[in-house]
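Fold and geometry: a report
Here is what each chain is made of, one letter per residue.
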Amino acid sequence: MDLLTCVLLWISVLVPGPSGARAFMLPDIGEPDFIRKCVQAHNVYRSGAQPPAANMRSMSWDDALARGARSWARHCRASHNPVLKLEKRAHPEFRHVGENIWLGAPYSAFTVESAVNSWNKEGADYTVGNNSCARVCGHYTQLMWATSYKLGCAVHVCSRGIENFSNHPESTIFVCNYGDAGNVFGFTPYIVGLACSKCGVEKCRDKLCKYDWIPGWDLGPGGSAQALSDWPIGSKLQLLAGSFWFLYVHAMH
C-alpha cells in the first residue's frame, strides 16, 4: 500500500462522510472571526436605532452565554430554552438571560449578518413610542434592548432536521443568548432621545454607551477553557496530523 492510499484511508476513518466534513466547516464559538461578526452585527443595528436611543449599551462577547447557546442549539428544536426562565440557571452572574433564534436550510443560507438582519427587520412592525407591535417583534426588541450588554452565539446543523421546523438534512439553527435579558413586559427596549445622552459615566462610542472595564467573571473571547464536548473534534485533528507524520516517516524507510 503506497503513502497516498494510506493517507486517504486514514482520512476516511477519521472524517466519516458529509456530516463529518460539515462539522469542520461550522464556526466554533471560540473562533475570533465568528465572535467579531456576531458582536459587530449587533452593535451596528443598535447604534442605528430609529428613533435614536439615549441609553443603548455597546455589546461584547461572553463565553458562558455562547456555551449556553451552543448547548441549546444542539437540541435542534424550534423553541426557546426553558432554562432561561429559571433564575441564575443559564449564567453564573446574570439572573435572567434573553435569547434569539434563527432557523433556515440549507446551511449555505446562513450567515451571521443575514440572521441578525432578519431580526432587525421586525423593527418595521414595532413602534417604540407606544410599545406596540403589528406582527412579530420579539427578536427585534431583544436585539435593541438597551441594558443587554453581553452576548454569546452558536450555530449548529441538525442532520435529522429541526423539531417543528424542517426535516432537511442541513437544517440550521443559530442561537444568541443575552445578558441581562430583554423583553421585560411593559417596558420599551430603550429610552428615546439624543444618542448617548443617558450614558451616565460610560463613554459614548459609535452612539453606544460603552464600558471601559471588564467584569472579573468575564475572561473575554478565548479566555475560557474549551468545553469537554469540543475535545473529540480537536483530538481527531491532532490524530490526523500525527498519522500523516507517522506514515511519512515509515514511507522514508
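Scroll up for the structure.
Summary of the structure given here. (Residues numbered from 1 in each chain as written. Predicted model: local features only at pLDDT ≥ 70, side-chain atom pairs only at ≥ 80, totals over all residues. Heavy atoms only, no water.)

On to the overall build of the protein chain, then. When helices and strands are tallied, the protein chain shows 7 helices and 8 strands. Here the protein chain holds 253 residues, and the buried ones make up 41% of them. A separation threshold of at least 6 residues defines the contact pool for the protein chain, and within that pool the share at least 24 residues apart is 74%. Of the roughly 13800 Å² that the protein chain leaves accessible, carbon and sulfur atoms contribute 59%. (Helix = DSSP H or I, 4+ residues; strand = E, 2+ residues; numbered from the N terminus. Buried < 20%, exposed > 50% of the residue type's maximum accessible area, 1.4 Å probe, protein only. Contact = heavy atoms within 4.5 Å. Areas by Shrake-Rupley, 256 points an atom, 1.4 Å probe, with all protein chains shown as cover.)

Okay, the packing of aromatic side chains next. Applying the stated rule across the entire model yields 8 aromatic pairs. For the ring pair Phe-110 and Phe-174, a centre distance of 5.0 Å and an interplane angle of 50 degrees mean the geometry is tilted. One end of the pair, Phe-110, is in the loop between strand E2 (98-104) and helix H5 (112-120); the other, Phe-174, is in strand E6 (residues 171-179), and 64 residues separate them in sequence. The pair Phe-110 / Phe-174 is uniform in exposure class, with both members buried. Following the ring pairs from residue to residue traces out a cluster consisting of Phe-34, Trp-61, Trp-102, Tyr-107, Phe-110, Trp-119 and Phe-174. Sitting above the plane of the Tyr-149 ring, Arg-57 keeps its charged end 5.4 Å from the centroid. (Phe/Tyr/Trp six-rings, centres within 6.5 Å; stacked < 30°, edge-to-face > 60°. Lys NZ or Arg CZ within 6 Å of the ring centre and 35° of its normal.)

This part takes up the state of the cysteines. Considering all chains together, one arrives at 5 disulfides under this definition. Here Cys-133 pairs with Cys-137 through a disulfide, and the sulfurs are 1.9 Å apart. With the S-S bond torsion at 85 degrees, the cross-link from Cys-133 to Cys-137 turns out right-handed. A residue is classified by how much of its surface remains accessible, and Cys-133, at 37% relative accessible area, is partly exposed. The exposure class of Cys-137 is buried, given its relative accessible area of 6%. Put simply, Cys-196 and Cys-204 are joined by a disulfide, and their sulfur atoms are 2.2 Å apart. An S-S torsion of about 70 degrees defines the bridge between Cys-196 and Cys-204 as right-handed. (Disulfide = S-S within 2.5 Å.)

On inspection of all chains with the given rule, the structure shows 6 salt bridges. Two residues, Arg-36 and Asp-33, come together in a salt bridge whose shortest N-O distance is 2.7 Å. Here Arg-36 pairs with Asp-33, and both are found in helix H3 (residues 32-47), just 3 residues apart, close to one helical turn. The class for Arg-36 is partly exposed, based on a relative accessible area of 42%. Between Glu-87 and Arg-95 there is a salt bridge whose closest N-O contact spans 3.2 Å. Within the structure, one salt-bridge network assembled from shared partners comprises Asp-33, Arg-36 and Lys-37. (Salt bridge = Lys/Arg side-chain N within 4 Å of Asp/Glu carboxyl O.)

What is shown is where atoms sit, not what they do.
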